[in-house]
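Summary of the model geometry
For reference, the chains in residue letters:
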Amino acid sequence: MKVRRSATIAVATAMTMLAVAACSSSETPTDTKTSGAGAAAGQKGGDLRIYATEPAFLLPTAGDDMPSINVIRQLYRGLVKYNAETGEAEMDLAESIESSDQKNWTVKLKTGYTFENGEPVNADAFIRAWNYAAYSPNAQNNAYFMSRIAGIDEMSSSDPDGDGPKEAPEPKAKELSGLKKVSDTEFTVELKDPFAGFPVTMGYSGFFPMADACLKDTKACNETPIGNGPYKIEGAWEHNVGITLVRSDTWKGDANDAMADKLSYRIFADDNAGYAAYQAGEIDVMEAVPSARYKEAKAQYGDTLFEAPGDTFTYVGLPLYRDEFKDKRVRQALALSIDRQPIIDAVFDGRFTAATGFVSPTFDGFRPDVCQYCKADPAKAKQLLDEAGGWKGDKLVLWGNAGVGHEKWLQAVGDQIKAALGIDYEIRVNLQFPEYLATADAKKFTGPFRLGWGPDYPVIETYLKPLYGTGGSSNNSTYTNPEFDKLITEGDSAASVEEAIAKYQAAEDILGEDMPVIPMWFGKVAALYSTNVDKFVFNKISDVEYGKITLKQK
Amino acid sequence: MGRYVIRRVLQFIPTVLGTMFLLHYLTSLGIQLTGNPVRALFGDRTPTPAMMAALSERLNLNDPCLTQTGNPCIGLFGERLVNIAQWDFGISLTGQREVTDIIGAALPYTIRIALIGFVFEAFVGILAGVLAGLRSGGFLDYFVKISTTLIIAVPIFVLGIVIREFVAVKFGNQLRADPNFPEIISRGFLAAGYKPDYPWASLFIPGLVLGATSLAVTARLTRTSMVENVRADYVRTARAKGLMPRRITGVHTLRNSLIPVVTSLGVDLGVLMGGAVVTETIFNVPGIGRVAAQSARTGDASVVIGIVTLAALIFLVANLLVDILYAVLDPRIRYE
């Protein structure tokens, strides 16, 4: 990937008003090597106190939520990492990941890396972790990410009669046929279909290796992880209270990956309580500013509030399985009636970036204004609707899940559509999240529906194929276009990531015309840090780099 | 006495069973009405049917009755009872931890904060009540009456947030800015919530907030009781005998005034131990109240059932202890 944005590093300039609770280190930096251009190495040492919520798991194969990944990334390392400034994928534990046909990949590993218990990080460490994740009876959340590897279908089984009395049969295989060990430092991966972005995806924590001792007792390993990363756990995971990591002495990688002596994650159940702790000087980094306190935080802590565009995507899906949405001019008209920025400003205090396309602005391959119908133009909207023969449905039903305030912005959307096209609308926000998602899965929405998406890996394909590909895993609009599918397949098997991106962009252009969904906005990252922090490091792909943050030394 | 206790303990069984059935029915109905909570774990990423099936089975959410609205799921309840009899309360939805582990880890925090709250409400509450009762109509009496009314009138979530924002954060920051101020106060007692570095000190303010409402009730109850008993015949007799005023108040008046107060305190102890959902959330105390609130929000049926069953048990035991205490306070009460 190319460098597109300069370093996202902010330096605290405000005076230290709150004393550091406990940190003092006589250690001087002996290694001033930096991982990326322009990053000045601060001093090592100190205790970085981090706002966290309770992770679901600390097992790389199971943790797929942000709280889990934030900790796992410091405990474990994988084949690839993302550059802290550019987001570009770089080899971490891998020496090389190469392929001639984008389908059969050869992974060569660097030597000398070990787990905390002394086990070597070799080919087996990766193969055993991926097999464990893929085997469906293990019910590991990251099984999803193994779906490109050949042999995945034999690793999962489904109940023959749904929820009926019959038990699901044992899967046919216990190991992925696509993974083959060549030597301790080399293994091959065969994919089901070619995918040029394969090496880039390897930086996701679901692909991190696991020690044999860890898999022998996954429950114990979840409580006291046996990692291979720059930090190791001190004691055990104190559920709902905190997790303390200290610098690992077995880490052979970049020494600047572990700047603070200690990472203390304090677990909160409520972000307002966390914000109070931040205000009281008990927290050094808080990544989730409570939405109700955002304006106040910006006014009061503007100097130490880090903001950057984020990658979470909110869209209004259109049920293409219903007749009234089949004409693309109707969909274009609906999209043209919406003016995003006033909604973002009025309802969300400006905490989102209006979408002008289908992929995140932080991604390599992003282009502004891909979606020509994502700008408000009521006159053109009306004209398009008239060309399509007017609105054929009944009242437009806008769907959202209950209890999280979606009705506020959906109402604004409804009002704008009504003003532009004269279509009456009603809002349905009575379904709780599980049932709402089940309704999406069953394609039972009767009108436009709110849904979101977050990227799985830093290739723009992650925003395209799962959502709009024929039979895509989260294609809730049931959009299908052979031309689009063809471009995605061509992109997947392109010789390089650059060529692949060109194909993906062409596919995105098709979406910009067909409008299977109405893109609404992308999230913004807002992270508060304290005046103890010397240098705050944010990675646009893998989020806050807690290990790279330096503290002011006293 | 022994037989009375045994009879009471036997009465626990139908009460706990009833509670558990009600909880089971309500949580099952919740799942029937809002869908399989496993689906929500995956969010926008549609899981494969194999994944849904594997996880639903592991979490015991694959019973077909959970898709039939209104079905009481008697079979599932029976299964649950058999498991619970073997001390298996199931596993949590997020994180798949044993519910017994979750409760075991959270209980010490709840006990600590409940203890602080209870000592505060009992000690200060009774003291305030006695002082007000002895000087009925005086300044102190009005002070206690007005201040307790105010405390009762303010909901606990308002009180908690106001104290957190103004006392712990704003006032605390003033003290923390002064390096000479003892840290145990500025960073311990005035922490913005529970802090692992100060396991007792940082629970002090949350404990006070937790005990505040009950303190007001205790003070008013004690006061009323005292006012009544101060005029009682036996107190007049004691005074006429020439007993020390301290003895008259302590042994004759107060002891007899405590019966309604003990009832209220005993019930309170059960409530406090059952987890303070609001206070623990506001002050980030990792006790069972905070866990219960979180689990209710995510639809984590096993955890909710485990915690509420435990709370019901604690409540029953506390009530039993109160009833036994009556006999100690008033020799006229006999349990045969």
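Residues numbered from 1 in each chain as written. Chains lettered and ligands numbered in written order. Predicted model: local features only at pLDDT ≥ 70, side-chain atom pairs only at ≥ 80, totals over all residues. Heavy atoms only, no water.

If you check an unreviewed UniProt entry, chain B appears there as ABC transporter permease from Intrasporangium calvum. The record held by UniProt for chain B lists under Subcellular location (unreviewed entry) the comment "Cell membrane". Note on chain B: under the UniProt heading Sequence similarities (unreviewed entry), the record states "Belongs to the binding-protein-dependent transport system permease family." (UniProt positions renumbered as here; feature names shortened; annotations may be inferred.)

The name given to chain A in an unreviewed UniProt entry is ABC transporter substrate-binding protein, with the source organism recorded as Intrasporangium calvum.

Topic: the side chain of Ser295(B)
Here Ser295(B) is to be found in helix H13 (residues 288–298). Beyond its immediate sequence surroundings of up to four residues, Ser295(B) is in contact with Asp300(B), Val303(B) and Val304(B). (Helix = DSSP H or I, 4+ residues; strand = E, 2+ residues; numbered from the N terminus. Contact = heavy atoms within 4.5 Å.)

Focus on the state of the cysteines
All names here are of chain A. What the rule picks out here adds up to 3 disulfides over all chains. Here Cys-214 engages in a disulfide with Cys-221; their sulfurs sit 1.9 Å apart. Here Cys-214 and Cys-221 share a disulfide; its torsion about the S-S bond, -95°, makes the bridge left-handed. Residue class for Cys-214 comes out buried when judged on its relative accessible area of 0%. (Disulfide = S-S within 2.5 Å. Buried < 20%, exposed > 50% of the residue type's maximum accessible area, 1.4 Å probe, protein only.)

Some points on the packing of aromatic side chains
Residues and elements named next belong to chain A. All chains considered together, the criterion is met by 40 aromatic pairs over all chains. Here the aromatic rings of Trp-130 and Phe-187 are separated by 5.7 Å at their centres, their planes lie at 75°, and the arrangement is edge-to-face. Separated by 57 residues along the polypeptide, Trp-130 in helix H2 (residues 123–134) and Phe-187 in strand S8 (residues 186–190) bring together distant segments of the chain. For the pair Trp-130 and Phe-187, one class covers both residues: buried. Plain terms: the ring middles of Tyr-278 and Tyr-301 are 5.1 Å apart, the flat faces sit at 80° to each other, and that makes the pair edge-to-face. Of this pair, Tyr-278 sits in helix H6 (residues 271–279) while Tyr-301 sits in the loop between helix H7 (294–300) and strand S13 (305–317), placing them 23 residues apart in sequence. Accessibility classification places Tyr-278 together with Tyr-301 in one group, the buried group. (Phe/Tyr/Trp six-rings, centres within 6.5 Å; stacked < 30°, edge-to-face > 60°.)

Remarks on the interface of chain B and chain A
With 46 residues of chain B at the contact, the number on the chain A side is 52 residues. Across the chain B-chain A interface, the total number found is 4 salt bridges. Of the charged contacts, one joins Lys219(A) and Glu98(B) as a salt bridge, the two residues approaching to 4.0 Å between their closest N and O atoms. There are 20 residue pairs in polar contact (both at pLDDT 80 or more) connecting chain B and chain A. Ranked by residues supplied to the side of chain B that touches chain A, first place goes to helix H3 (residues 49–58) of chain B with 7 residues. Grouping the amino acids of the side of chain B that touches chain A by side-chain chemistry returns 19 nonpolar, 13 polar and 14 charged. (Salt bridge = Lys/Arg side-chain N within 4 Å of Asp/Glu carboxyl O. Polar contact = N/O pair within 3.5 Å; in protein donor to acceptor, adjacent residues only side chain to side chain. Nonpolar A, V, L, I, M, F, W, Y, C, P; charged D, E, K, R; others polar.)

Regarding helix H15 (residues 497–514) of chain A
Residue and element names in this part refer to chain A. The end-to-end C-alpha separation of H15 is 25 Å, in line with the 26 Å expected for 18 residues at 1.5 Å each. Ala-500, Ile-501, Tyr-504, Gln-505, Ala-507, Glu-508, Ile-510, Leu-511, Gly-512 and Asp-514 are the residues of H15 that are buried. Among the residues trailing H15, Met-515 stands out with phi positive, at a value near 50°. (Expected span 1.5 Å × (residues − 1).)

What to know about the packing of helix H9 (residues 204–230) of chain B against helix H11 (residues 245–273) of chain B
Residues and elements named next belong to chain B. Two elements in contact, H9 and H11, have axes whose closest approach is 9 Å; the angle formed by their N-to-C orientations is 155°. Compared by their axis directions, H9 and H11 come out roughly antiparallel. Here the hand of the crossing between H9 and H11 comes out right-handed. Here H9 contributes Leu-210, Ser-214, Val-217, Thr-218, Leu-221, Thr-222, Ser-225, Met-226, Asn-229 and Val-230 to the contact with H11, which in turn contributes Thr-249, Thr-253, Leu-254, Asn-256, Ser-257, Pro-260, Val-261, Ser-264, Leu-265, Asp-268 and Leu-272. (Axes fitted to C-alpha atoms, helices over the stretch in contact; angles between N-to-C directions. Parallel < 35°, antiparallel > 145°, perpendicular 65-115°, else oblique. Left-handed = near helix turned anticlockwise from the far one by under 90°.)

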